[in-house]
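Here is what each chain is made of, one letter per residue.
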Amino acid sequence: MTKVIDGKAISLEIKNELKEKAAALKAAGVTVTLAVIQVGNNPASTVYVNNKKKGCEYIGIESASFELPEETTEKELLSLIDELNTREDINGILVQLPLPKHIDEDKVIKAIDPKKDVDGFHPQSVGALCIGQPGFVSCTPAGIIELLKRSGIDIAGKECVILGRSNIVGKPMSLLMLRENATVTVAHSKTANLKEVTSRADILIVAIGRPKMVTADYVKEGAVVIDVGINRDENNKLCGDVDYDDVAPKCSAITPVPGGVGPMTIAMLLNNCLASIELK
Ligand code: GUN
């Protein structure tokens, strides 16, 4: 029987733990505030940003919202970040991506004080993860580790193949799986004999951004399959990068889309917000 990993339930479990932590901080007189910046009104970003603000409210921390117009200049955004970096009452800074084309995302990410980098995107955070030092970890990969652990899936010694090499998911995911003592392969769109490579995986993590690309012939019998993709199929229905109906019968465990990895990202963001107090 295939186990369907319930990201919604696991994320709720984590949020309830964080709620208790936040209450203890509050009782000790500590207020935690996340600054959430959105530039322009990309509809998907608006949904994500609203969910992040709702998450803050749920666990009992503050959010400060900065909704900037599409025409905001890079200089204006950088100067807001400078101000938030110095403000004692702001613990975390989140700039929702993607940014409008006229703004250099790398410059913006680098401008955030690493002590407030709750997304874990700053080169210093990524470097710290790489050499095993304390720092913020990118939320989606951190959420996947929690999904696996809380589902009772052993990682140490397993063959893990990550399909996708983005800065936000694939690369930090490979570092985290390595930290958990998996044997890690990062495959991507240029990998030769891709099906042969992914079929080696005990744990296959797919973040390639192509709807339903991974079919049963990419997957070893009994593998754990984690689907990071969020796409729309030909009927405008949400779907992952994995062809769920084709792959699920072959796996020991799989994450659905929606309700798998997605809800974990926010839970780990909230976790990072509370951790910012310790890093401060
Ligand atoms: N856009 C898509 N995912 C993310 C995320 O995790 N953080 C931010 N800041 N922007 C995103």
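Up top is the structure these notes are about.
Residues numbered from 1 in each chain as written. Predicted model: local features only at pLDDT ≥ 70, side-chain atom pairs only at ≥ 80, totals over all residues. Heavy atoms only, no water.

Turning next to the overall build of the chain. A tally of helices and strands in the chain yields 10 helices and 11 strands. Against the globule reference of 19 Å for 280 residues, the chain gives a C-alpha radius of gyration of 19 Å, in line with a compact fold. Its C-alpha atoms give the chain principal-axis dimensions of about 50 × 40 × 40 Å. Across the 280 residues in the chain, those meeting the buried criterion constitute 50%. Considering only residue pairs separated by 6 or more positions, the chain has 70% of its internal contacts joining residues 24 or more positions apart. Of the roughly 13400 Å² of accessible surface on the chain, 52% is carried by carbon and sulfur atoms. Taking the average location of the 32 positive side-chain charges in the chain and that of its 37 negative ones, the two points are 1 Å from each other. (Helix = DSSP H or I, 4+ residues; strand = E, 2+ residues; numbered from the N terminus. Rg over C-alpha atoms; globule rule 2.2 N^0.38 Å. Buried < 20%, exposed > 50% of the residue type's maximum accessible area, 1.4 Å probe, protein only. Contact = heavy atoms within 4.5 Å. Areas by Shrake-Rupley, 256 points an atom, 1.4 Å probe, with all protein chains shown as cover. Lys, Arg positive; Asp, Glu negative; His and termini not counted. Charge placed at Lys NZ, Arg CZ, Asp CG, Glu CD.)

On to the packing of aromatic side chains. Taken as a whole and judged by the stated rule, the model has 0 aromatic pairs. A cation over a ring is seen here: K15 above Y58, with NZ or CZ 5.6 Å from the ring centre. Over the ring of Y58 we find K19, and its NZ or CZ is 4.1 Å from the ring centre. (Phe/Tyr/Trp six-rings, centres within 6.5 Å; stacked < 30°, edge-to-face > 60°. Lys NZ or Arg CZ within 6 Å of the ring centre and 35° of its normal.)

Let's shift gears to the sheet that holds strand β11 (residues 253–254). A sheet is described by the order of its strands in space; here 6 strands give the open sequence β1-β11-β8-β7-β5-β6, paired in parallel fashion. Looking along the sheet, the strands with just one partner apiece sit at the ends: β1 (3–4) and β6 (183–187). Those strands touched by helix α7 (residues 170–179) are β5 (159–163), β6 and β7 (203–206), and its axis lies near 170° from that of β5. (Pairing = 2+ DSSP bridges. Axes fitted to C-alpha atoms, helices over the stretch in contact; angles between N-to-C directions.)

With that out of the way, let us pick up the packing of helix α5 (residues 123–130) against α7. Axis separation between α5 and α7 bottoms out at 9 Å; the angle between their running directions is 30°. With respect to α7, the axis of α5 lies roughly parallel. Judged by the sense of rotation from one axis to the other, the crossing of α5 with α7 is left-handed. Contact residues: α5 offers V126, L129 and C130, while α7 offers P172, L175, L176 and R179. When grouped by side-chain class, the residues that make up the contact of α5 with α7 number 6 nonpolar, no polar and 1 charged. (Parallel < 35°, antiparallel > 145°, perpendicular 65-115°, else oblique. Left-handed = near helix turned anticlockwise from the far one by under 90°. Nonpolar A, V, L, I, M, F, W, Y, C, P; charged D, E, K, R; others polar.)

The next thing to look at is unusual backbone geometry. Of the consecutive residues L97 and P98, the connecting peptide bond is found in the cis state with omega at 0°. On the secondary structure map, P98 appears in the loop between β4 (92–95) and α4 (105–111). In this structure, P258 follows V257 across a cis peptide bond, with omega equal to 0°. As for its position among the elements, P258 is in the loop between β11 and α10 (262–279). With phi around 70°, N181 is a residue other than glycine that occupies positive phi space. Here N181 shows up in the loop between α7 and β6. On the basis of relative accessible area, N181 is assigned to the exposed category, the value being 53%.

Here the focus is the side chain of S276. Residue placement: S276 occurs in helix α10. Within the structure, the side chain of S276 is placed 2.4 Å from the backbone oxygen of C273, a separation counted as a polar contact. The residues touching S276, leaving out its near neighbours within four places in the chain, are N91, K115 and F136. (Polar contact = N/O pair within 3.5 Å; in protein donor to acceptor, adjacent residues only side chain to side chain.)

A few words on the site of the ligand. Taken together, K52, V95, Q96, L97, D119 and F121 form the complete shell of residues around the ligand. Between V95 and the ligand, the recorded distance is 2.8 Å, taken from a backbone N or O atom to a nitrogen atom. Contact with the protein chains hides 79% of the accessible area of the ligand, taken as 280 Å² for the molecule alone. Put simply, the ligand lies in the largest pocket. A breakdown of the residues in the shell around the ligand according to their chemical character gives 3 nonpolar, 1 polar and 2 charged. (Near = heavy atom within 4 Å. 1 Å grid on protein atoms, 1.4 Å probe; cavity = no way out; pocket = protein on both sides within 12 Å on 5 of 7 lines; lining within 4 Å. Sits in = over half its atoms within 2 Å of the grid points.)

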